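Breakdown of the fold
Spelled out, the chains give:
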Amino acid sequence: MDLRIFTEPQQGATYDTLLAVAKATEDLGFDAFFRSDHYLHMGSGDGLPGPTDAWITLAGIARETRRIRLGTLMTAATFRLPGVLAIQVAQVDQMSGGRVELGLGAGWFEEEHKAYGIPFPQEKFARLEEQLAIVTGLWGTEVGETFSHHGTHYDLTDSPALPKPAQAKIPVLVGGHGAARTPRLTARYADEFNMPFSSVEDTERQFGRVRAAAEQAGRKADELTYSNALVVCVGKDDRELARRAAAIGREVDELKANGLAGSPDEVVEKIGRYAEIGSQRIYLQILDLDDLDHLELISSQVQSQLS
């Protein structure tokens, strides 16, 4: 079971804070540092000092780390034109020495689009499908050849399809709860399927749909990596657990029901339940980015039991 650190900096974080978390992620032996791609905070709080751009952040962190994988859960297809996104991600992959992964989603948070003047189209899923086709098509075009795409939403003619990533193939992640279109897109374009913030039972059902879609598309279901994203809150004792839950504005019982919360042994046990139904990787949503001791505890007493 791979454990990856997943941050939500739109809730309030500077680049320096994110860099500190990324360096701790690397030093403590986690597999990867991922971040959300949002421009507006959600829920209570003020989001100060304001948003940071996902790919600019990852470009900086790429130059300050050496081992960990870097990526997004999920970049919004509404934020960037697909040709520009392909260039950005390929460049960050070069800057990292080939450690980047792209999670790409349709975009859903209308308020952040209104706040920053970003168009929020009614038909988002069809745009996502074209973006996946274009981004992977640009990267997969041989040097010296050109790429064209004439779709409903995007039109590219004789693109040189440059630059190329450092990796032969940047892993692409698709995720979500959709019962039909999401599995189909995953089967066609993705290397990994991510099920966000869901129970073991719901995860098992969705993994089954994705596996079936992969087989229908002529792929082996096991070619895909299957993962979850879950909030995490671990304490050595009840007092520490309650303190960490309060720091993120959550209740312990709710976190235990809907995420990975409790003592290290409790969290290991629940991770094991996800592993039993096929999850190979978990993105641990860290909401208090100043609590690096939390990462150390997860590394020493949770990750160590899963190795």
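Analysis parameters
Residues numbered from 1 in each chain as written. Predicted model: local features only at pLDDT ≥ 70, side-chain atom pairs only at ≥ 80, totals over all residues. Heavy atoms only, no water. Helix = DSSP H or I, 4+ residues; strand = E, 2+ residues; numbered from the N terminus. Buried < 20%, exposed > 50% of the residue type's maximum accessible area, 1.4 Å probe, protein only. Expected span 1.5 Å × (residues − 1). Arc of directions from axis to C-beta. Contact = heavy atoms within 4.5 Å.

**Remarks on unusual backbone geometry**
Note the cis peptide between leucine 73 and methionine 74, where omega equals -20°. Mapped onto the elements, methionine 74 comes out in the loop between strand 3 (69-72) and strand 4 (75-76). The omega angle of the peptide bond from leucine 162 to proline 163 is 0°, so this bond is cis rather than trans. Within the secondary structure, proline 163 sits in the loop between strand 7 (155-159) and strand 8 (172-175). Phi angles above zero are rare outside glycine, and aspartate 158 is one such case at about 50°. Inspection of the secondary structure puts aspartate 158 in strand 7. With phi around 50°, phenylalanine 197 is a residue other than glycine that occupies positive phi space. Locating phenylalanine 197 in the fold gives a position in the loop between strand 9 (192-196) and helix 7 (200-216). Residue classification places phenylalanine 197 among the partly exposed positions, given a relative accessible area of 41%.

**Things to note about helix 3 (residues 82-96)**
Taking 1.5 Å per residue, 15 residues should reach 21 Å; helix 3 reaches 21 Å between its end C-alpha atoms and fits that length. Of the residues making up helix 3, those classed as buried are Pro82, Leu85, Ala86, Val89, Ala90, Val92, Asp93 and Ser96. Down the axis of helix 3, the buried side of the element spans an arc of 165°, and every buried residue falls inside it. Residues of helix 3 that are buried in the fold lie against helix 2 (54-64), strand 3, strand 4, strand 5 (100-105) and helix 5 (125-140).

**Section: the side chain of histidine 38**
Looking at where histidine 38 falls in the secondary structure, it is placed in the loop between strand 2 (32-35) and helix 2. On the basis of relative accessible area, histidine 38 is assigned to the buried category, the value being 11%. Each residue touching histidine 38, except ones within four places of it in the same chain, is listed here: Glu8, Gln10, Pro51, Thr52, Phe79, Trp108, Phe109 and Glu112.

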